Amino acid sequence: MKKTQLKLAVLVVVVLMVAVMALTGCGNADNPVDSTDNAATTDAGGDAAADTNADSGDSAANAGADNSGSSTTASAGSGSWMWGDAAWEAAVRSKVEGQTLKIGFTPPAASEFYDIIMHGAYSMMNELHDHFGVNFEFEFVAPSEHDAVESQIATIENWATKEFDVVLVCTAGDFDSMNSVYQKANDAGTAIYLFNMPAELWDENSINMVSCISYNNGLQAGALAGEYAAEKLNGEGKILFISGNDGHWTAARKQGFEDTIAKYPGLSIVAEQRGEYVRDKGMAAAENMLQANPDVNFIYGENEEMAQGAVQAIEAMGLKLWDGTEGIIVVGADGLVSGYEQISNGMLTATVDVGHVDMGREAIRSIFMHEMLGYTLDKVTNVPAILVDADNVAIPDAYAKWALSIEPAFN
Amino acid sequence: MNNSNTTALEATIKKNKIDRQLIGLVIFVAAIMVIMSILSPSFLTASNLTNVLRQSVFIMLLGFGMTFVLTTGGIDLSVGVVMALSGGMTGWLLSFNVNIVPALIAGFAMGTLVGAGNGLMVTKLRITPFIATLATMSIGRGVMYVWTNSIPFRNYMVGGFRFLGQGNVLGLQFPIIVAIIAFIVLQFVFRKTRFGRHVTAFGSNNESAKISGINTDRLQIKVYALSGFMAALSGIILASRLETVHPEMGKGYELDAIAAAIIGGTSLTGGKGSLIGTALGAFIIYLISNAINLLNVDPDWETIVKGILILVVVGVEFLSHSANKRKL
């Protein structure tokens, strides 16, 4: 009796596991409708699709320049490629057709944010493949832990051994500590490109890389949130700050935010606690800080998960969310689809789109231009970033959703 | 017979010691309350204390299951990931407009079965609990990444489901009520039923428990399944509370749950467990965080202070423990 029961239990467990594995084929359950629609557009391929792509990139870039005011940091003319010019395309095609670039892509974690960057990269590889006949081999490896820098080092070493042409790295590891493995890869003939790294914190010439395609974490994320606070509060108000895990992104965003707040004597950060970049910790930090400071006007969370935790904390405590004129303003950063949805719903007030799609696209474009056509690159290329609130959420939302719908078709 | 009598006797003695430790914990909580009420006017308010209680519910529920596992001398590192798997299962089904009842049943089944799987590995394959549940943790987390494509499950909030994590009954948040009910039921199971006594007996002495006729394999499988079930309960409520299931949901919770149980006087080596202690332990962990946040201690110092306070709690317990021994 007992044995049969146990066997039955084992059987059920196995069936369940197989079922779970099978589910993985189903893909993203969130917006199946969107992806099919967009996939159809992409399938149409050719110039029409590519043109729309380039256009949407432009509009996002322009909007970014309008809003940020100090857009000098955004040096990339992202997405603006002269698709459709037959003579130029033929010239490039004759040089690169049939060649293959082997690219390794290693972000510090598998997350929605890096997924969007990777899909941005897919979109550019697809376009280059369609127009110039160049092929890509693309591999993706993320460490299981965000801070597992040594596993990323092993990944880079493996790719160098396997003679990859290029490795695209974003890591929680310090620039200094990563430099020797970059050198090792360079010696093996593998070029290192960085993405989504706050290069402004280091001397970029000392890093053994070709180029860093990123955004300025201080000026294009933290400072945008600070300026937004000053504008909406007319320079007067109390601010709560929910920080992420210690690390270079956190440090850079915090620096940009605090420097901006310091310009307005009426604004003060009355409390700061850590939310570890996750929603439940962000919510707990917000609840505890709101308990001591129920009269705050503004909460800045260094990413959207924590900011959304703060939104839920405000609601649970019966306080008022920002309605355009009064209430508590909550601002996040990153630009995830879930964050845009919350902005559309009037829950989250604003966030910063740090240009994830363009980082992916620009990284691939830079690699292609330097590695295959021989153009030189600046050490640091910053893509446009933009503060997103209910007024302009439609543009970055559509852009991110478009990128997420792109499937690789580049070899 | 003789054997089980002795173990029962040992268990009573240990229970008395636990009661003394509980007094220590209560004194510690009282001390924090007094000090904090002087330092911060917003600390000793009903809304703040229910907030802390609500924050600690998730660790508390995990800790209840963990107390059973630790009492058998085992450990369950997979509870954090089971939270994500169960909350994910329920949320995922709800996002396809599945009725809430089957969605909840599937979530609970997921947790219970993964837990039972742990138990099977521990008993039938003779893998040590640490390694078996570590493997489950790793596999489960990977499944979460693949299943969600690294994009959190969301858009599954329906009215009834929202109530689980965010509803109020008689002025108390529903998660707190769930924790109270779970505590009452499990306390009864732990102290008054044959199953509960077998758990303690097995943890005190595996061999004598086996000789006295307890089906130890079945007992362990049940204990791990219970832990999985409690993790599922915690995960489903958290999914309702957070309105999204992140693939990394519950990461690190297993260590907090173990810490809560240990602070409460449960032994890592088995044979000794206290659910009241675990509840207090979970509450203390969040009370310390809350106090530190209200005083606006620099976040860089927060973890240091937290660690030291936990050492103080456990250290005081140990000292009172050895003082008692000398008296005996």
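Residues numbered from 1 in each chain as written. Chains lettered and ligands numbered in written order. Predicted model: local features only at pLDDT ≥ 70, side-chain atom pairs only at ≥ 80, totals over all residues.

Details of the overall build of chain B
Consideration 1: What chain B contains, in helices and strands, is 13 helices and 2 strands.
Consideration 2: In terms of C-alpha radius of gyration, chain B reaches 20 Å, essentially the compact-globule figure of 20 Å for 328 residues.
Consideration 3: Summarising its shape, the C-alpha atoms of chain B cover approximately 60 × 55 × 40 Å along the three principal directions.
Consideration 4: Across chain B, the fraction of contacts at a sequence separation of at least 24, relative to all contacts at a separation of at least 6, is 79%. (Helix = DSSP H or I, 4+ residues; strand = E, 2+ residues; numbered from the N terminus. Rg over C-alpha atoms; globule rule 2.2 N^0.38 Å. Contact = placed C-beta atoms within 7 Å.)

Let's talk about the overall build of chain A
Consideration 1: Check the secondary structure of chain A and you find 14 helices and 12 strands.
Consideration 2: Intrachain contacts of chain A at a sequence separation of at least 6 include 77% that bridge at least 24 residues.

Digging into the pairing of strand E5 (residues 211–214) of chain A
For a regular strand, side-chain orientation follows a simple rule: the groups alternate between the two sheet faces.
Residue and element names in this part refer to chain A.
Consideration 1: Because side chains alternate across E5, one face comprises the buried residues Ser211 and Ile213, and the other comprises Cys212 and Ser214, equally buried.
Consideration 2: Relative to E5, strand E4 (residues 191–195) is paired through 3 bridges, and the arrangement is parallel. Within E5, the residue paired with Tyr193 across the bridge is Ser211. (Buried ≥ 20, exposed ≤ 12 C-beta atoms within 10 Å, placed from the backbone. Pairing = 2+ DSSP bridges.)

Here we look at the nonpolar core
Consideration 1: Membership of the largest hydrophobic core comes to 211 residues, with the highest contact counts inside it found for Tyr193 and Ala310 of chain A.
Consideration 2: Per-element accounting of this core gives the leading share, 15 residues, to helix H10 (residues 216–242) of chain B.
Consideration 3: Of the domains in this structure, domain 1 (32–215 + 356–385 + 392–404) and domain 2 (218–353) of chain A are the two that each give at least three residues to this core.
Consideration 4: Not counting residues up to four positions away in its chain, the partners in contact with Tyr193 of chain A are Val166, Leu168, Met209, Val210, Ser211, Ile213, Ala363, Ser366 and Ile367 of chain A. (Core = buried A, V, L, I, M, F, W, Y, C linked by C-beta atoms within 7 Å. Domains from an automatic or database assignment.)

A word on the pairing of strand E8 (residues 298–301) of chain A
Consideration 1: By the alternation rule, side chains of E8 of chain A split into Phe298 and Tyr300 of chain A and Ile299 and Gly301 of chain A, which are all buried.
Consideration 2: With respect to chirality, the unit in which E8 of chain A leads through helix H11 (residues 304–316) of chain A into the neighbouring parallel strand E9 (residues 329–331) of chain A is right-handed. (Right-handed = clockwise from strand over helix to strand, strands pointing away.)

Quick look at the interface of chain B and chain A
Interfaces are often sized by the amount of accessible area the parts lose when they come together.
Consideration 1: If you look at the interface, chain B gives 35 residues, while chain A gives 33 residues.
Consideration 2: Elements represented by at least two residues in the side of chain B that touches chain A include exactly helix H2 (46–71), helix H3 (79–95), helix H4 (100–123), helix H5 (129–148), H10, helix H12 (275–294) and helix H13 (299–327) of chain B.
Consideration 3: Tallied by class, residues from the side of chain B that touches chain A come to 15 nonpolar, 16 polar and 4 charged. (Nonpolar A, V, L, I, M, F, W, Y, C, P; charged D, E, K, R; others polar.)

Regarding the domain arrangement of chain A
Residues and elements named next belong to chain A.
Consideration 1: For chain A, the assigned domains read domain 1 (32–215 + 356–385 + 392–404) and domain 2 (218–353).
Consideration 2: Between domain 1 and domain 2, the residue contacts involve 18 residues of the former and 18 residues of the latter.
Consideration 3: Those elements that provide at least two residues to the side of domain 1 that touches domain 2 are helix H5 (112–132) and helix H14 (394–404).
Consideration 4: At 4 residues, H14 tops the list of elements feeding residues into the side of domain 1 that touches domain 2.
Consideration 5: For the side of domain 1 that touches domain 2, a count of residues per class yields 9 nonpolar, 5 polar and 4 charged.

Let's talk about the sheet that holds strand E11 (residues 380–382) of chain A
All names here are of chain A.
Consideration 1: An order of E2-E1-E3-E4-E5-E11 is seen for the 6 strands of this open sheet, with the pairing classed as parallel. Strands at the two margins of the open sheet, each flanked by one partner only, are strand E2 (135–140) and E11. Direction aside, neighbouring strands of the sheet carry axes that sit 20° apart on average.
Consideration 2: Of the strands in this sheet, strand E1 (100–106), E2 and E4 are in contact with H5, which crosses E2 at around 165°. (Axes fitted to C-alpha atoms, helices over the stretch in contact; angles between N-to-C directions.)

Observations regarding helix H6 (residues 159–166) of chain B
All names here are of chain B.
Consideration 1: Along H6, the residues classified as buried are Phe161, Leu164 and Gly165. Viewed along the axis of H6, the buried residues span an arc of 80°, placing them on a single side of the element.
Consideration 2: At its buried positions, H6 is contacted by H3, H4, helix H7 (174–192) and H10. (Arc of directions from axis to C-beta.)

Quick word on the environment of Ala116 of chain B
Consideration 1: Looking at where Ala116 of chain B falls in the secondary structure, it is placed in helix H4.
Consideration 2: On a C-alpha basis, the gap between Ala116 of chain B and Ala225 of chain B in space is 4.3 Å, while along the polypeptide they are 109 residues apart.

What to know about unusual backbone geometry
Consideration 1: In this structure, Glu276 of chain A takes a positive phi of about 55° despite not being glycine.
Consideration 2: Of note, Glu276 of chain A is situated in the loop between strand E7 (267–274) and helix H10 (279–292).
Consideration 3: Residues other than glycine seldom take positive phi values, yet Glu243 of chain B does so here, at roughly 65°.
Consideration 4: As for its position among the elements, Glu243 of chain B is in the loop between H10 and helix H11 (253–263).

Re the packing of H10 of chain A against H12 of chain B
Consideration 1: Closest axis-to-axis distance for the H10 of chain A/H12 of chain B pair is 8 Å, and the angle between their directions is 50°. Taken together, H10 of chain A and H12 of chain B sit at an angle that is classed as oblique. Like other packed secondary-structure pairs, H10 of chain A and H12 of chain B cross with a definite hand, here right-handed. Contacts from Ala284, Ala285, Asn288, Met289, Gln291 and Ala292 of chain A of H10 of chain A reach H12 of chain B at Ser289, Asn290, Asn293 and Leu294 of chain B.
Consideration 2: When the residues that make up the contact of H10 of chain A with H12 of chain B are grouped by side-chain class, the tally is 5 nonpolar, 5 polar and no charged. (Parallel < 35°, antiparallel > 145°, perpendicular 65-115°, else oblique. Left-handed = near helix turned anticlockwise from the far one by under 90°.)

Here we look at the environment of Ala262 of chain A
Consideration 1: Position of Ala262 of chain A relative to the elements: it lies in helix H9 (residues 248–262).
Consideration 2: Considered as a pair, Ala262 of chain A and Ile406 of chain A are 144 residues apart in the sequence and their alpha carbons are 42 Å apart.

What about H10 of chain A?
Consideration 1: A rise of 1.5 Å per residue sets the reference length of H10 of chain A, with its 14 residues, at 20 Å; its end C-alpha atoms lie 20 Å apart and thus fit the reference within 8%.
Consideration 2: Counting buried residues along H10 of chain A, 14 of its 14 residues qualify, which places the element largely inside the surrounding structure. (Expected span 1.5 Å × (residues − 1).)

Observations regarding the confidence of the model for chain A
Consideration 1: Here chain A averages 82 in pLDDT, while 80% of its residues score no lower than 70.
Consideration 2: Across residues 20–79 of chain A, confidence stays below pLDDT 50; counting only partners more than four residues off in sequence or on other chains, it has 97 contacts. (pLDDT = per-residue confidence, 0-100.)

Notes on the environment of Thr136 of chain B
All names here are of chain B.
Consideration 1: For Thr136, the location among the structural elements is in helix H5.
Consideration 2: On a C-alpha basis, the gap between Thr136 and Val223 in space is 16 Å, while along the polypeptide they are 87 residues apart.
Consideration 3: If near-sequence neighbours (up to four positions away) are discounted, Thr136 is found in contact with Ser78, Val114, Gly117 and Asn118.

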